[in-house]
Amino acid sequence: MINRRTVLKNSFIGAATAAAACGGPANQGGPALHTQKKVRWRLASSFPRSLDTLYGSAEVLAKRVSEMTNGNFEIHVHPGGELVPPLEVLEAVQQGSLQMGHTASYYYIGKNPALAFDCCVPFGLTARQQAAWLKQEGQELTRGLFADFNILNFPAGNTGTQMGGWFKNEVNSLNELQGLKMRIPGMGGKVMAEMGVAVQTLAGGEIYTALERGAIDATEWVGPYDDEQLGFYKVAKLYYYPGWWEPGPSLSFYVNQNAWSSLSAEYKAIFQAAAREAELGMLARYDIQNPEALGRLLNQGVEIRPFADDILQKARNVSQQLLEENAAKDPSYAKVYSSWKKAKQSMFQWFNTAEALYAKAAFQQD
């Protein structure tokens, strides 16, 4: 028989459970989400809206944050150039004119060369390996770098190994790179410059026109899905691979430190969960979309070509030299590089044992 004491006890337990689920008093004394103050942030991306997977990572973040806070925490996403120039996102977040940015950290190596490790460096880590290093200690180390810019960085997704890019003319040897005008950012651009390429850094929305008009002879971007949408195949038919400078580039969400500090503990946890969802979803989408897009490009008369061995060997040597030179000049760079290098050596040995032979045997096309 149920008595009055039992009913009251069960009612109290039910109320406490509901409050805990809503972030209420049963959840460490925090206010219920529906009573929390409204937060409105602006996010500037470096990427055009048309790139639904690359740019879409920020939209996934914003959608999930809003859903999990009943609309009380809204992040308004803006494509590259709408609020600030695409390659000036870091500055806008640093100054606090925007609460958030969505970008690639290698765009800002002019401010600190070690920022490249938050994204990728030539002949570096694959997407899985980059994620592993960031989780192990890379995230903590790179946050030490971003602290100088009043920014907290979060992984925003990875494209996987990229293609080497679009060329109007054949490049069959190292000598044929001399004087080539190519759009390529980050440390990859520095390596190409050492090999005689006239390097340019252009935002995504500017590349097609530059390629069409002959201002550049070649460009890299991401991979078949995004490259198809930007239409590069219409003005350059040679598609080279691999993108040795971007074997696993990790994009980033930048959050202004003051804006982050103003968030409640519940909102911080929600933001981190949503960012993680956006991060994981990007690579999954690319892995499905890129093969289908490559098939369509081949049907448009595109030819895929591997880079010549002498190009790859020289690029690898130059990359290693630049990494070591940067580490010798800057103790803070050396600290990050030492961690990254140790992780790379360990993971490359493991992947070469467990996966390389499998890939060689299994990935062949009949």
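Residues numbered from 1 in each chain as written. Predicted model: local features only at pLDDT ≥ 70, side-chain atom pairs only at ≥ 80, totals over all residues. Heavy atoms only, no water.

**As for the sheet that holds strand β8 (residues 218-219)**
With mixed pairing, the 6 strands of this open sheet are ordered in space as β7-β6-β8-β5-β9-β11. At either end of the open sheet lies a strand with only one pairing partner, and these are β7 (198-200) and β11 (303-306). Of the pairings in the sheet, the one linking strand β5 (residues 165-167) to strand β9 (residues 238-241) comprises 3 bridges and is antiparallel in character. Residue pairing for β9: Gly165 is matched across the bridge by Tyr240. (Pairing = 2+ DSSP bridges. Helix = DSSP H or I, 4+ residues; strand = E, 2+ residues; numbered from the N terminus.)

**Concerning the confidence of the model for the protein chain**
For the protein chain, the mean per-residue pLDDT works out to 91, and 90% of the residues sit at or above 70. A low-confidence stretch, residues 1-29 (pLDDT under 50), is modelled with 20 contacts involving residues beyond four sequence positions or located in other chains. (pLDDT = per-residue confidence, 0-100. Contact = heavy atoms within 4.5 Å.)

**Some words on the packing of helix α2 (residues 56-68) against helix α9 (residues 265-299)**
Where α2 meets α9, the closest approach of the two axes is 8 Å, and the angle between their N-to-C directions is 145 degrees. Relative to α9, the crossing made by α2 is right-handed. Contacts between α2 and α9 involve Ser57, Val60, Leu61, Arg64, Val65 and Met68 on the former and, on the latter, Ile270, Phe271, Ala274, Ala275, Glu277, Ala278 and Met282. Counted by class, the contact of α2 with α9 contains 10 nonpolar, 1 polar and 2 charged residues. (Axes fitted to C-alpha atoms, helices over the stretch in contact; angles between N-to-C directions. Left-handed = near helix turned anticlockwise from the far one by under 90°. Nonpolar A, V, L, I, M, F, W, Y, C, P; charged D, E, K, R; others polar.)

**Digging into the sheet that holds strand β3 (residues 100-103)**
Spatially, the 5 strands line up as an open sheet ordered β2-β1-β3-β10-β4, and their pairing is mixed. A strand with exactly one partner marks an edge of an open sheet, and here the two such strands are β2 (73-78) and β4 (151-158). With strand direction ignored, the average angle separating the axes of adjacent strands in the sheet is 25 degrees. In this structure, β4 lies alongside strand β10 (residues 250-256), joined through 7 bridges in antiparallel fashion. For Ile151, the partnering residue across the bridge sits in β10 and is Asn256. Against the sheet, α2 engages β1 (39-45), β2, β3, β4 and β10, with an angle of about 165 degrees to β2. Against the sheet, helix α4 (residues 127-146) touches β4 and β10, its axis set at about 165 degrees to β4.

**Describing the environment of Leu54**
Within the fold, Leu54 resides in the loop between β1 and α2. Along the sequence, Leu54 and Leu90 sit 36 residues apart, while their C-alpha atoms lie 18 Å from each other. Filtering out sequence-adjacent residues up to four positions away, Leu54 remains in contact with Phe47, His102, Thr159, Trp221, Val222, Asp226, Leu251, Met282 and Tyr286.

**Side note on the nonpolar core**
The biggest cluster of nonpolar side chains holds 109 residues, and the ones touching the most others in it are Trp41, Leu61, Ile75, Phe117, Trp221, Phe253 and Phe271. Top contributing element to this core by residue count: α9, with 9 residues. (Core = buried A, V, L, I, M, F, W, Y, C linked by side-chain atoms within 4.5 Å. Buried < 20%, exposed > 50% of the residue type's maximum accessible area, 1.4 Å probe, protein only.)

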